[in-house]
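Summary of structural features
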Number of protein chains: 2
Amino acid sequence: MAKKLGRHTYRLEKTVSVSAWGSIGGKKEGEGPLGGAFDEIEPDARLGQKTWEQAECQLQLRAVDAACRKAHLMPQELDFILAGDLLNQCVSSAYGLRAFGIPFLGIYGACSTMSEGMVLASLLLEGTDAVRGGVVTSSHFCSAERQFRTPLEYGAQRPPTSQWTATAAGCAILGRQERPPYVRTVTIGTIEDKGITDAANMGAAMAPAAAATLAHFFEDTGTRPEDYDLILTGDLGQVGRDLLYQLAAEQGYRLEGLHQDCGLLLYDRQRQDVHAGASGCGCSASVLCSSILPRIASGALGQVLFLATGALMSTTMLQQGESIPGIAHLVHLSSRNHPERRC
Amino acid sequence: MAKKLGRHTYRLEKTVSVSAWGSIGGKKEGEGPLGGAFDEIEPDARLGQKTWEQAECQLQLRAVDAACRKAHLMPQELDFILAGDLLNQCVSSAYGLRAFGIPFLGIYGACSTMSEGMVLASLLLEGTDAVRGGVVTSSHFCSAERQFRTPLEYGAQRPPTSQWTATAAGCAILGRQERPPYVRTVTIGTIEDKGITDAANMGAAMAPAAAATLAHFFEDTGTRPEDYDLILTGDLGQVGRDLLYQLAAEQGYRLEGLHQDCGLLLYDRQRQDVHAGASGCGCSASVLCSSILPRIASGALGQVLFLATGALMSTTMLQQGESIPGIAHLVHLSSRNHPERRC
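Residues numbered from 1 in each chain as written. Chains lettered and ligands numbered in written order. Predicted model: local features only at pLDDT ≥ 70, side-chain atom pairs only at ≥ 80, totals over all residues. Heavy atoms only, no water.

A short note on the environment of Ala 130 of chain B
Operational definition: Per the convention used, a helix needs a DSSP run of H or I reaching at least four residues, while a strand needs a run of E reaching at least two, with both numbered from the N terminus. Working rule for contacts: check all heavy atoms of both residues, and any pair within 4.5 Å makes them a contact.
Mapped onto the fold, Ala 130 of chain B is located in the loop between helix 4 (113-127) and strand 7 (133-139). The spatial distance from the C-alpha of Ala 130 of chain B to the C-alpha of Ala 308 of chain B is 25 Å, given a sequence separation of 178 residues. Setting aside anything within four residues of it in sequence, one finds Ala 130 of chain B in contact with Lys 4 and Tyr 10 of chain A together with Asp 79, Phe 80, Leu 125 and Arg 176 of chain B.

Digging into the domain arrangement of chain A
Residue and element names in this part refer to chain A. Our working rule: Where each domain begins and ends is defined by an automated method or by a domain database. Buried area is a sum: the accessible area each of two parts loses on coming together, probed at 1.4 Å, counted once for each and added. Within this document, salt bridges are pairs made up of a side-chain nitrogen of Lys or Arg and a carboxyl oxygen of Asp or Glu, the two lying within 4 Å of each other. Think of a polar contact as two N or O atoms within 3.5 Å of one another; within protein, one of them needs to be a possible hydrogen donor and the other a possible acceptor, and neighboring residues in sequence only count if both atoms come from side chains. Amino acids are sorted into nonpolar (Ala, Val, Leu, Ile, Met, Phe, Trp, Tyr, Cys and Pro), charged (Asp, Glu, Lys and Arg) and polar (every other residue, Gly among them).
When its domains are assigned, chain A resolves into domain 1 (16-175) and domain 2 (182-334). Facing 52 residues of domain 1, the contacting portion of domain 2 comprises 57 residues. When domain 1 packs against domain 2, the two sides together hide about 3900 Å² of surface, and 66% of this comes from carbon and sulfur. Per-residue buried area on domain 1 facing domain 2 is highest for Trp 21, Cys 111 and Gln 163; these three make up 18% of the total on that side. If you look at where domain 1 meets domain 2, you find zero salt bridges. Here domain 1 is connected to domain 2 by 19 residue pairs in polar contact (both at pLDDT 80 or more). Elements that contribute at least two residues to the side of domain 1 that touches domain 2 include exactly strand 3 (17-25), helix 1 (27-31), helix 4 (113-127), strand 7 (133-139), helix 5 (141-148), strand 8 (164-165) and strand 9 (168-175). Among the elements that take part in the side of domain 1 that touches domain 2, helix 4 stands out by supplying eight residues, more than any other. Classifying every residue of the side of domain 1 that touches domain 2 gives 26 nonpolar, 19 polar and seven charged.

Considering the interface of chain A and chain B
Taken together, the contact between chain A and chain B spans 63 residues of the former and 63 residues of the latter. Summing both partners gives a buried area of about 5400 Å² for chain A against chain B, and 59% of it is carried by carbon and sulfur. Across the pair Lys 3 of chain B and Asp 129 of chain A runs a salt bridge whose closest N-O atoms are separated by 3.9 Å. Taken together, the connections running from chain A to chain B amount to 36 residue pairs in polar contact (both at pLDDT 80 or more). Listed by contribution, the elements that provide at least two residues to the side of chain A that touches chain B are strand 1 (3-5), helix 2 (52-70), helix 3 (91-97), strand 6 (104-106), helix 4, helix 5, helix 11 (315-319) and strand 15 (326-334) of chain A. The element best represented in the side of chain A that touches chain B is helix 4 of chain A, accounting for six residues.

What to know about the packing of helix 6 (residues 202-221) of chain B against helix 7 (residues 237-250) of chain B
Residue and element names in this part refer to chain B. In plain terms, the rule: Lines fitted to C-alpha atoms define the axes, with helix axes restricted to the stretch in contact, and inter-axis angles between N-to-C directions lie between 0 and 180 degrees. In a left-handed crossing the near helix is turned counterclockwise from the far helix by less than a right angle, and in a right-handed crossing that turn is clockwise.
It is the contact of helix 6 with helix 7, at a shortest axis distance of 8 Å, that shows an interaxial angle of 35°. With respect to the hand of their crossing, helix 6 and helix 7 are arranged in right-handed fashion. On helix 7, the residues that touch Gly 203, Ala 204, Ala 207, Pro 208, Ala 210, Ala 211 and Leu 214 of helix 6 are Gly 240, Leu 243, Leu 244 and Leu 247. Residue composition of the contact of helix 6 with helix 7, by class: nine nonpolar, two polar and no charged.

Remarks on the relation of the copies chain A and chain B
This is how the line gets drawn: Each copy is superposed on the other by least squares, with the fit set by C-alpha atoms of residues at a pLDDT of at least 70 in both.
Screw-axis analysis of chain A against chain B gives a translation of 0.0 Å along the axis, an RMSD of 0.0 Å, and a rotation angle of 180°. Within this description, the copies of the chain are treated as partners about a two-fold rotation axis.

Some details on the environment of Ala 55 of chain B
Residues and elements named next belong to chain B. Assignment of secondary structure puts Ala 55 in helix 2 (residues 52-70). Put simply, Ala 55 and Cys 142 are 87 residues apart on the chain and 9.5 Å apart in space, counted from C-alpha to C-alpha. In contact with Ala 55, not counting residues within four places along its chain, are Ala 45, Arg 46, Leu 47, Gln 49 and His 140.

Details of the packing of aromatic side chains
The condition is simple: When two rings of Phe, Tyr or Trp (its six-membered ring) have centres within 6.5 Å they constitute a pair, described as stacked for plane angles under 30 degrees, edge-to-face for angles over 60, and tilted for the intermediate range. Note on classification: 1.4 Å probe, protein chains only; a residue is buried when its accessible area is under 20% of the maximum for its type, exposed when over 50%, partly exposed between these limits. By definition, being over a ring means that NZ of Lys or CZ of Arg is both within 6 Å of the ring centre and within 35 degrees of the ring normal.
Per the counting criterion, the structure on display carries 10 aromatic pairs over all chains. Between Phe 217 of chain A and Phe 218 of chain A the ring centres are 5.8 Å apart and the planes differ by 65°, which places this aromatic pair in the edge-to-face class. Comparing Phe 217 of chain A with Phe 218 of chain A, the two get one shared label, buried. Every member of this aromatic cluster is reached through a ring pair, and the members are Phe 217, Phe 218, Tyr 228 and Tyr 253 of chain A. In this structure, Arg 46 of chain B is placed above the aromatic ring of Trp 52 of chain B, and the distance from its NZ or CZ to the ring centre is 4.1 Å.

Written out as structure tokens, the structure reads:
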């Protein structure tokens with residue numbers, strides 16, 4: 001039974017580890033600094049489909065396939081899958097995964113979906129005798145632009161604070177193997193809203209949620225940033241990262257040198273014209289599942305805090321003058337198991 | 001630790017019960033046969049807000065408040081809350097609950113949200129030492145019509161298969177009290193798609209999911225429909241109910257006389273002009289939290305299977321010619337605890 005620490009955090013008592021992971025990216029992601037780490041790079045932005053939405057469904061399907069292949073499993077052998085995405089009614093997940101017949105739990109956390117799913121999968125493995133569960137999420141530049149901003153054909157100009165939605169998906173399979181990366185502790189996020197109303201400045205809207213979740217985690221566990229090798233946020237981008245450092249400093253934490261942001265890792269910002277960085281559910285999911293999990297597995301990274309960040313707004317609410325609430329869920333991943341934990 | 005039965009079902013080993021519940025409905029829901037059972041009936045369709053979406057946020061907020069009041073709790077005392085709704089990016093949940101500061105897990109199951117949330121909350125209580133968690137969902141006729149069909153001002157004619165989206169919300173608080181209703185067993189749904197493409201016939205799209213989940217539950221637990229006092233589906237309506245009976249009969253189960261559908265309970269179909277019945281996340285949530293949970297608590301109902309049903313499509317996917325996938329998650333509620341279970 002996971003032990004509740006403070007108000008937001010749960011320390012797992014059983015062994016839960018990430019047993020396999022899969023990632024897929026588009027052409028632009030393939031040209032970025034992590035391109036070589038992806039399982040698949042698909043140069044066709046439509047992935048052989050007629051629409052952007054159908055293309056995004058394929059991203060999820062293929063990320064699950066890639067992870068299952070590496071785990072030597074059929075997708076049908078997963079006990080459950082947690083999935084969500086940014087599209088209205090999370091259709092990339094529902095349509096992308098419908099053929100698999102896996103017990104399916106839809107989640108919605110915007111770009112925090114990957115860590116929300118890992119929090120839930122970890123606690124489900126703690127609370128049941130299920131053997132393994134999947135977590136998957138995706139985003140696609142073209143389906144997201146059409147839905148959240150303007151049709152691509154308009155050629156609208158993007159302000160410097162804007163981020164580039166990743167065309168990518170990541171899938172992690174969590175199970176009970178005695179093999180790193182282990183999930184040690186998870187923190188459930190709270191909704192934070194500091195009044196940002198600019199849909200082209202998501203980093204600023206999400207930074208307060210990341211700061212709040214980190215503060216909750218450090219307080220609940222009695223640890224500090226320097227106890228970890230890497231603190232990895234989802235897609236704050238340049239603007240959000242600077243704000244996070246400022247907010248953390250106000251709370252007495254210094255993150256500089258310990259922190260990276262998936263939104264700043266996925267692309268080469270100088271060369272790839274993505275303004276403030278990458279974003280989208282697929283950004284943090286694919287960075288985690290291509291470049292980070294293997295380094296925890298190998299021991300190159302010891303203690304990692306992964307917290308994907310989500311902006312929980314819709315275009316309708318913004319048109320009504322509302323601000324943008326943010327949320328961040330945290331997973332502490334480790335190359336070492338608790339000494340006292342067993343399957 | 002919840003024991004996995006078969007492929008889809010988990011039998012809880014610890015005591016998990018529904019300790020309090022709250023419901024709110026609009027004017028039409030108040031005029032229906034269950035009107036007197038709601039905690040609140042709000043005659044103002046805008047709930048004092050400027051927009052339909054803001055009104056729906058208020059439904060969630062007030063359902064949580066009603067449930068917490070009855071549990072003698074502040075909302076902040078909930079260890080977590082699981083919430084979702086039908087609006088794009090689940091904004092009724094995010095905006096409705098943001099002021100509470102409760103650790104928040106967003107879910108998306110369309111109209112299956114209430115039972116999906118109860119499945120997850122039960123397993124989270126099984127897997128952690130959290131004391132209590134909330135589940136809430138809502139729908140609003142006006143925000144749903146605008147988003148999924150046509151603006152109300154068009155006055156579009158509704159076909160006989162169409163259902164009326166409930167303006168309602170329900171919140172259940174799950175905890176560890178030795179007091180019914182107890183959660184005994186939960187079944188996670190799978191995505192089922194039989195090729196229905198008519199957005200005005202949701203009942204037909206969801207019936208196969210209800211039939212599949214019931215079949216999984218009966219097979220996994222070795223029980224039959226006649227072992228239960230009530231099998232309660234979410235919002236199949238008249239068309240979906242008839243289809244469910246047919247599908248169940250093909251699988252060797254007879255549901256007639258044991259089954260009711262929240263979509264057929266909420267309104268007086270003769271008098272209230274709702275065609276095939278009620279629908280929306282708020283339909284099953286408010287029927288459960290107004291009329292069903294009290295009857296299990298009192299012992300008037302002994303063994304109840306609650307399975308809300310969701311249609312996992314978006315208008316975009318339908319415009320692209322896609323069919324409508326459905327899902328149903330099941331919760332077995334009981335007036336009696338397992339004799340061997342303890343907190």
